[in-house]
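As a plain string of letters, each chain reads:
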Amino acid sequence: MSEYMPAVPRLATPVTRPAPVPVTGVATLLLAGGKGTRLHELTARDSKPAVPFAGANRIIDFAMANVVRSGLPRMLVATQYAPHSLHHHLPTRWGHRFPQAGLALRDGQDRFMGTADAARQTWDALEAMGGDQVLILAADHVYDMNYADLLAAHRVSGAAVTVAVDTVPRAEARGFGVMQADAHGRILSFLEKPADPPGMIDQPDRAMVSMGIYVFDRRWLQEALFDRPVEAMDFGHDVIPDAVAQGVAGVWRMPAGPSGRGYWRDVGTLDALRRAQLDFVSAEPARLPFASPASDWYLGRGSIAMPGAVVPESARLTCTLVAPGTQVPPGLVTGENATEDARWFTRTPAGTVLITQTMLDRRAAHAHIRRSVTPPPSNRRGLHA
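Cut-offs applied
- Throughout this description, residue numbers start from 1 for each chain and increase along the sequence as written.
- Only residues with pLDDT of at least 70 get local features here, since the model is predicted, and only at 80 or more are side-chain atom pairs given and counted; chain-wide, interface and lining totals rely on the full set of residues.
- Note that the side-chain values use all heavy atoms of the structure and ignore hydrogens as well as water.
- Helix and strand assignments come from DSSP, with helices taken as H or I runs of at least 4 residues and strands as E runs of at least 2, each series counted from the N terminus.
- Buried residues are those whose accessible area, probed at 1.4 Å on protein chains only, stays under 20% of the maximum for their type, while exposed residues exceed 50% and partly exposed ones sit between those limits.
- Side-chain atoms alone can form a polar contact between residues adjacent in sequence; in general such a contact is a pair of N or O atoms within 3.5 Å, and within protein one must be able to donate a hydrogen while the other accepts it.
- Strand pairing is assigned whenever DSSP identifies at least 2 bridges connecting the two strands.
- Whether two residues touch is decided by their heavy atoms; if any such pair falls within 4.5 Å, the residues are in contact.
- What counts as an axis is a line fitted to C-alpha atoms, over the stretch in contact for a helix, and the angles between N-to-C directions run from 0 to 180 degrees.
- For our purposes a nonpolar core is just a set of buried Ala, Val, Leu, Ile, Met, Phe, Trp, Tyr and Cys residues, chained together by side-chain atoms within 4.5 Å.
- What the arc measures is the spread of directions leading from the helix axis to the C-beta atoms.
- Should an angle lie under 35 degrees it is considered roughly parallel, over 145 roughly antiparallel, and from 65 to 115 roughly perpendicular; all remaining angles are considered oblique.
- Should the near helix be turned counterclockwise from the far one by less than a right angle, the crossing is left-handed, whereas a clockwise turn marks it as right-handed.
- Charged means Asp, Glu, Lys or Arg here, nonpolar means Ala, Val, Leu, Ile, Met, Phe, Trp, Tyr, Cys or Pro, and polar covers whatever is left, Gly included.
- Only the six-membered ring of Trp is used, alongside the rings of Phe and Tyr, when aromatic pairs are assigned; centres must lie within 6.5 Å, and planes under 30 degrees apart are stacked while those over 60 apart are edge-to-face, with the rest tilted.
- In this scheme, Lys NZ or Arg CZ marks a charge over a ring once it lies within 6 Å of the ring centre and within 35 degrees of the ring normal.

A. Highlighting the environment of Arg287. Secondary-structure assignment places Arg287 in the loop between α8 (270-278) and β15 (298-300). Judged by relative accessible area, which is 29%, Arg287 ranks as partly exposed. Taking C-alpha positions, Arg287 is 9.0 Å from Ala65, a pair spaced 222 residues apart along the chain. Engagement of the side chain of Arg287 in a polar contact is seen with the side chain of Asp144, the distance being 2.7 Å.

What follows is the structure, given as structure tokens:
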């Protein structure tokens, strides 16, 4: 075989399992408008939730699979940045998993001013779903969760707001909403992306972070969105701190998975996106929404080929992400010379390299210009040759 070509994404469906018991009494909103600037060129024309992951999957597919497996029959997806691919992808690959009209999309381009504002501007649709709770989900994380368990825990807790949480080393918590909770799960403090994250009360070397997944009592959320003196724009900056200040917010910790720990990854950087996919090469820390063998997308040497990429066997790529549709030239070497990588490609300080077709075209054009302006070597001999 002369080249490596990832398979065209399959239109396979997840492994057939018994249909879940439908969950009633809840309206579900999936927030899928993230721009994902830290993914650089991968989100130049697509939103972060639409970025491919492990071959046939997209990041958003994890939340979609969780919703289906949890038995939630109706959901509204709020898009914003570069929504076109999601508005095609979601009905095509997921529409048949919902009852008629169970999956709805709302485009918020140039309208939504934040996550809470998206809920406010789609409140009519959430209200039409009925129920006493509102479940808010993020579309840009890789994880496996039964939302029915979260909803059940919220309903018996007596809290007006429940935040799904995970724990991470303190040094890695700066990019999250960080909180402390007492032994009963009541949130004592909440800081959005603090420079010096506080440690957990019983584990000071780790921090408790928000997964961007919330359950609200409908009446409480309606008042928080519509009855504040200043309109809340963001859940992390505005709504959750209000709930903590009122003493009505609690935490729900994701149960451990097959490995003994829960698996949840924010894949908002090139390093995190590449490393998370490597977790799926020889194991399955979370269920992939669509079956996609590692041989379809893993190149070896810590490198990933995205759908439609063509990589010759003569290329030697290390710690590299090959963007969708990119045709790598024979003999290309990446990940071994930081200066050369940074000259042509996007390279992170931690060493992940991103290759796109535009970058390769620019590199090829430069090489062509150099060849055309360099005079050929002289064949004349000297007098004493």
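B. Structural detail: unusual backbone geometry. Backbone geometry places Ala54, a non-glycine residue, at a positive phi of 50°. If you trace the backbone, Ala54 turns up in the loop between β3 (52-53) and β4 (57-58). Even without being a glycine, Lys193 presents a positive backbone phi close to 50°. Position of Lys193 relative to the elements: it lies in the loop between β11 (187-192) and β12 (206-217).

C. A look at the sheet that holds strand β16 (residues 303-305). Pairing within the open sheet is mixed, and its five strands lie in the order β15-β16-β19-β22-β21. Bordering the open sheet on either side are β15 and β21 (346-347), each of which pairs with just one other strand. Note: strand β19 (residues 320-322) against strand β22 (residues 353-355), three bridges, orientation parallel. Across the sheet, Leu321 pairs through a bridge with Leu354, a residue of β22. Together, β15, β16, β19, β21 and β22 form the strand contacts of α8, whose direction differs from that of β19 by roughly 90°.

D. View of the nonpolar core. Core analysis: the biggest nonpolar cluster contains 41 residues, and Leu30, Met64, Trp94, Leu135, Met145, Tyr147 and Ile213 have the highest contact counts within it. The set of elements that each furnish at least two residues to this core consists of β2 (26-32), α1 (60-69), β5 (75-79), α2 (84-94), β7 (133-138), α5 (147-157), β9 (161-169) and β12. Counting residues per element, this core draws most heavily on α1, which supplies six residues.

E. View of helix α6 (residues 218-226). Buried residues of α6: Arg218, Trp220, Leu221, Ala224 and Leu225, and no others. Summarising the axial view, the buried residues of α6 lie within an arc of 160°, below the 170-degree limit, and thus occupy one face.

F. Inspection of the pairing of β11 at higher detail. Looking at chain direction, strand β10 (residues 177-181) and β11 are connected through five bridges and run antiparallel. Each bridged residue has a counterpart across the sheet, and for Gly177 the counterpart in β11 is Glu192. Between β10 and β11, which pair antiparallel one after the other, the connecting turn spans five residues, and Gly185 there sits at a positive phi close to 90°.

G. Quick peek at the packing of α6 against helix α7 (residues 235-246). α7 packs onto α6 with a crossing angle of 120° between their chain directions and a minimal axis gap of 11 Å. Viewed along their axes, α6 and α7 adopt a mutual orientation that is oblique. Between α6 and α7 lies a crossing of right-handed hand. The residues of α7 that touch α6, namely those facing Trp220, Leu221 and Ala224, are Phe235, Val239, Ala243 and Gln246. Of the residues assigned to the contact of α6 with α7, the class counts are six nonpolar, one polar and no charged.

H. Up close: the packing of aromatic side chains. Taken as a whole, this structure holds twelve aromatic pairs when the rule is applied. Ring geometry for Phe216 and Trp220: centres 6.1 Å apart, planes at 5°, overall stacked. For the pair shown, Phe216 and Trp220 are each scored as buried. Three or more aromatic residues link up through ring pairs in this structure, and these residues are Phe53, Phe62, Tyr263 and Phe280. Sitting over the ring of Phe290, Arg93 keeps its end group 3.9 Å from the ring centre.

I. Fine view of α2. Of the residues making up α2, those classed as buried are Ser85, Leu86, His89, Leu90, Arg93 and Trp94. Buried residues of α2, seen end-on, are gathered within an arc of 115° and therefore sit on one face of the element. Away from its buried face by more than 90 degrees, α2 exposes His84 and His88. Contacts made by the buried residues of α2 are with β2, β4, α1, β5 and β6 (103-107).

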